[in-house]
Each structure stands twice: as C-alpha cells, then as structure tokens.
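# Structural features, examined
Residue-level listing of the chains:
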Amino acid sequence: MNTISLASAMEALRRAAAAGGSRLSGQVLAETARLNLEILDNVLQAATHRSDPRVAAEMGSIVESLSHRISRARLELALLAEATGAHTLDLEEYDDLREGRTDYSRPARYAAGRPCYKTTADFLAAWLRITYFEAEGMLNDAHLVIGRVTIAGTLTTPRFEQLGTTYQDPAVDPRATLQTARSLNRLEPKDTIGEGAPLPPAARQQDGPSLEERAVQILEGNEPRTAKKQVNELVKKYKEENAEAATPELGLFKRRSINGVDEYVLRVRGSDAGFMRSLVAQADNPRTKAGAAARTRQPDEENLAGREANPAVDSTQTPSWLQPTDPPPPWAVDETGETGSAAGPTGAQIPENTEGLSPAEQIDLQVPVPMRRMNAMMTLIRQNGSGTAKTKAIRPQLMVFMQLDDLRDLATAHGITTHGVRLTPGELRRLLTEADIIPVVFGGESQILDLGRASRFYPDYLRDGIICRDKGCIVPGCTEPPENCDVHHFEGGGWKGGCRTRIGSGSLMCRNDHTAEQAGIIKVVNYKGLPHVIMPKHIDPTQTPQRNTYWDNI
C-alpha cells in the first residue's frame, strides 16, 4: 500500500469512528480499539528508531496527549463497570470475553446466584491484573471527578462538579486536577451517597468562595508548577485557619547523639521562619562570597581525632586489596594534604572525572545541600559569638510585603515575607516598629509606590525594590528565588541601548532565562507598568504578555 492509499484508509476510519461511534456494536468498538492499539504500537516502534529530533518532539507531544486521554478513559470505564454491575456477570461471560467470542447482539447474562466477584474493585483487580488497592483507588478517583453511583444504582454527578468539568478540559493536565480533588477530599467529611444522602463540598475560604472554586481558577489560569504550589498553599492555609493539626512547640531541641554527631530540631515561624528561609536561600547561591564560603568543607578536628580512637573508621585499617594505587583526585585532598574517601558526608559517591564542570559545580559535588546550610548557620553563630570567623557570613534579610489597605487598617492587616512566610496582624504590627525590617507597600497593580533613585548599576536599595515587586524570576513557570536572579535592563534595548537604571526598567531573571532573553528566545516588555514576558510562539501562539505567578502569595 502506498502513502496515498494509507492516508485515505486512515481518513475513512477516522470519519467512520467520529460519525457512527455511538451506533457501532460492542464487537466493532472492541475490534477497532485493538486495531488502533496495534497501529499505534507499530508507529511508536518505528518512531523510536528514527534519528530525527523533530520526530521525537512530535511523537512525544502526541503520546503525552494520548496519556491524558487514557487516564480519563480508565476512570470513566471503571465507573461504567460499577454502574453496570460488571462484577456480577455470569462466569461464562468472562470466559467469552477473554476468548473473543462474545455475542454483543444479545443482552449480557448475570450470575443467577452468588457472583464471581464481591465488589467492582475485586473484579477490576482480577480482570485488569492490578492490585486491589489500585482498583479501589480508580473507583474513588472516578467518584471525585467523573460521577457516583447512587443507592438505587443510577449514575449522578461527581463529588466535585467544577473540578469534574476541569478534568475533561484538554488544556488542563488531568493528573493535576485529580491530585487537587484528592487533596480537597481529605478536608471534607466522608461522602454518604451510598446511604442515599450525598454531601456537597463544604470547605470554604474565610468570607470567600469555596476551595473547589478557587482551585479551579488556579488550575485553569496557571502553568503546572505554579498551579501545584498555589493549590498546596490553598490547602495549607485552610488547615491552619481551621486548626486541623496541632501547632508544634517552637524552639531548638536536641534529639540525640550518634557517634559524636548531635542531632537538633529547630522549629520557628513568622519572622524567624523568614530569616531562616533567607539564610537557606543565600547559602544555596554560589555567586556570592558567603554562598561560596558555605560550600567550603569545614574542618572537623574531633572527627579527625576520632579516627585514631575508632579503628572501624580508620582508613589505615582498609585491606591492602582495597587500597588505591593511583594518586587521589584534587577534590579528595583537604587543606592539610590528607586524603578522604570518595563518598561525601551523606555517602553520595563523587565522580572521579570532574573535567568540564565549573568550580561551583565541582564544589556542589563535594558539599551536599544540608551541609552548605549548616556551614552558613555555623559561620553566623561563630561570627556573632567570638568574632573570629574566617569566612564571610550570610546576613539574612527580612522583607515584609503588604497591601496599601492593610497599612491603613493594621488591626486586621496581614503580610508575607520574601520567601512566603505569612505573618499575623500582631506580628506584623510589631515588625513595623523594628529598624531591621524593610516594610514595602504596594498599590493596585503591584507597582511600588515609593522606593529608590537611579544609578549606573543596580545598588542594593533598587534591587530590593525589584525583589519586592517580582519576588523571583518573572518567566512563567520558573521557580528560581530572588537570591539566584540577576536584575535585567529590559527597556530600550538594555543598558547598551540607553536603558536607565531604575526600578521600572529592571526585572528579575534567573541566569538561564536571562541568557534566553539575550539570545532572542523570549522577550521582556513593559505591560501595565510591569515587566512581562512574551514566550516563544511554539509555547504561546497568542504571544500574550505574561508574568510568573509562582510567587504570588498575597
């Protein structure tokens, strides 16, 4: 068959399925599905052996779309099996189905006595060869976003009708919608539809819409990472407001000591949590002196001395057949000239070949994230305690964001820090009286009302103003915090084009997105007084100016 004949046959099949799908018999439906599955399998086999990257991109997009449709179909068919009593079929019907000799022209036969399966979940587990818990989970998910079966055996609406509509929207990832429905369902009382009295969702925001309505707005108006974060914040805030979980005791607690290593638990909230998050974010930034210092291994004299007392960890006790014969790589030699093991503090193996890696990347391989953060905090403690610290300490900074209306009514005002810590009205009023806190007030469209002067480079006070407005990289979907961002001159062709160094002409962009903007892949424009991003046409065909909403917490 040539290409033209194949295309004609495929088009005829597509039209037949679209025009008469509802009138096709069960046998034709099953045979058509099997044929399409076989065709798809052959096509994918051919595609995976191509060397053209365009084939990989095109087929990857098609398969991802297909996976969305299949995930919806799994729940819909599981619900259909429940509604039609598939678990009560006659035993011979199951045998006929497996062997492909089912006569769909006659009505289905049901078991006259005790059926083979007790519940639909039992049937699905055996029929689909999955676990009972997965089968039961499919049914529970279907009840949330597809539909429910009443006590009379009829189909009715799902528990979350609005999320059910969003679940069917091809533009929204069904997995994200389903995960949201599961999260909201945990906040609701047990559904009593099986008892004849279905309960509608009751969780609501304080003096606002229902959590379901707000979740739908988030899912339909944001890209996946931003939507996930904001839904989690929505659920978290509801739990806090309704005191679902007891608040743990604040403080620094020593838990235990293992082989001379002390374990502590630190619990903080409010402004203290804001300071800690600032310290962690700065420790994770290798481009600052303090961040680079946090990536330097701190000598542990007690551990070194302990090796002599503990032969179990003494490298001299290693059998001769395990002793290396080649000289150690540079990263294995510390400042004293001694060599260490190839495993970091957490036991992660460090690659022997670090050629081609930047200095920061090579350091990252040696000092894991938890140790960097500990180094930063210990440097701060040593500097404040004795003034003998040899490395640059991180200076945590706390910025408090608030709306202009809140400033006019501090009795009910609320604020939020740079790293997303919510502050109560009482704590906010206390912080506004402290000199170390930087309060920043916003107007209607998030424009800063008053901050800063012009300068050749962005000084700290102008950068602080841009951080308060953008809160992180402005490119939609990016999760880089402000500490890892540059200030980009986006107006008038950049600094070389004559752009002034002022808040209104600067925007936060992470290193990767800044490079993408300079390469012409994305474009930053001024829209409604704020920097917005125009994504490439293959991502956003409408070329609509967008701002990253990942950081929006107020």
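Residues numbered from 1 in each chain as written. Predicted model: local features only at pLDDT ≥ 70, side-chain atom pairs only at ≥ 80, totals over all residues. Heavy atoms only, no water.

Below, the discussion takes up the overall build of the chain. When you go through the chain residue by residue, the secondary structure sums to 19 helices and 12 strands. Expressed as a percentage of its 554 residues, the buried residues of the chain come to 34%. Intrachain contacts of the chain at a sequence separation of at least 6 include 54% that bridge at least 24 residues. Accessible area for the chain stands at about 34,200 Å²; split by element, carbon and sulfur atoms hold 54% of it. (Helix = DSSP H or I, 4+ residues; strand = E, 2+ residues; numbered from the N terminus. Buried < 20%, exposed > 50% of the residue type's maximum accessible area, 1.4 Å probe, protein only. Contact = heavy atoms within 4.5 Å. Areas by Shrake-Rupley, 256 points an atom, 1.4 Å probe, with all protein chains shown as cover.)

Right, let's talk about the packing of helix 4 (residues 91-99) against helix 5 (residues 120-128) for a bit. The relative placement of two packed helices comes down to the angle between their axes together with the axis-to-axis distance. Interhelical geometry of helix 4 versus helix 5 gives an angle of 30° and a closest axis separation of 13 Å. As the angle between them shows, helix 4 and helix 5 are arranged roughly parallel. In terms of crossing hand, the pair formed by helix 4 and helix 5 is right-handed. Contacts between helix 4 and helix 5 involve Tyr94, Leu97 and Arg98 on the former and, on the latter, Phe123, Ala126 and Trp127. The class makeup of the residues in the contact of helix 4 with helix 5 is five nonpolar, no polar and one charged. (Axes fitted to C-alpha atoms, helices over the stretch in contact; angles between N-to-C directions. Parallel < 35°, antiparallel > 145°, perpendicular 65-115°, else oblique. Left-handed = near helix turned anticlockwise from the far one by under 90°. Nonpolar A, V, L, I, M, F, W, Y, C, P; charged D, E, K, R; others polar.)

This brings us to the packing of aromatic side chains. Scanning the entire structure with this criterion turns up seven aromatic pairs. Ring geometry for Tyr94 against Phe123: centres 5.6 Å apart, planes inclined by 25°, an arrangement best described as stacked. Of this pair, Tyr94 sits in helix 4 while Phe123 sits in helix 5, and the two are 29 residues apart along the sequence. The class for Tyr94 is buried, based on a relative accessible area of 5%. Since its relative accessible area comes to 7%, Phe123 is described here as buried. Among the aromatic side chains, those forming a connected cluster through ring pairs are Tyr94, Tyr117, Phe123 and Trp127. The lysine or arginine in question, Arg98, covers the ring of Trp127, its NZ or CZ lying 3.8 Å from the ring centre. A cation over an aromatic ring shows up here: Lys229 above the ring of Tyr550, its NZ or CZ 4.8 Å from the ring centre. (Phe/Tyr/Trp six-rings, centres within 6.5 Å; stacked < 30°, edge-to-face > 60°. Lys NZ or Arg CZ within 6 Å of the ring centre and 35° of its normal.)

This part takes up the packing of helix 3 (residues 53-83) against helix 8 (residues 174-185). Between helix 3 and helix 8, the shortest axis-to-axis distance is 9 Å and the interhelical angle comes to 40°. Classed by the angle they form, the pair helix 3 and helix 8 counts as oblique. Residues Glu64, His68, Ser71, Arg72 and Leu75 of helix 3 lie in contact with helix 8, whose contacting residues are Pro174, Arg175 and Leu178. Among the residues forming the contact of helix 3 with helix 8, the class breakdown is three nonpolar, two polar and three charged.

The next point concerns the nonpolar core. Core analysis: the largest hydrophobic core is formed by 40 residues, its most contacted members being Leu75, Leu124, Val145, Ile146, Leu163, Leu184 and Leu211. Elements that contribute at least two residues to this core include exactly helix 3, helix 5, helix 6 (132-145), helix 7 (161-167), helix 8, helix 9 (211-221) and helix 10 (224-241). In terms of residue count, the dominant contributor to this core is helix 6 (six residues). Those residues in contact with Leu184 that sit more than four places away from it in its chain are Phe160, Leu163, Leu211, Glu212, Ala215 and Val235. (Core = buried A, V, L, I, M, F, W, Y, C linked by side-chain atoms within 4.5 Å.)

Next up on the list: unusual backbone geometry. The backbone phi angle of Arg129 is positive, close to 60°, even though this residue is not glycine. Unusually for a residue other than glycine, Gln543 sits at a positive phi of about 55°. Residue placement: Gln543 occurs in the segment after strand 12 (530-534). In this structure Gln543 comes out as partly exposed when scored by relative accessible area, which is 28%.

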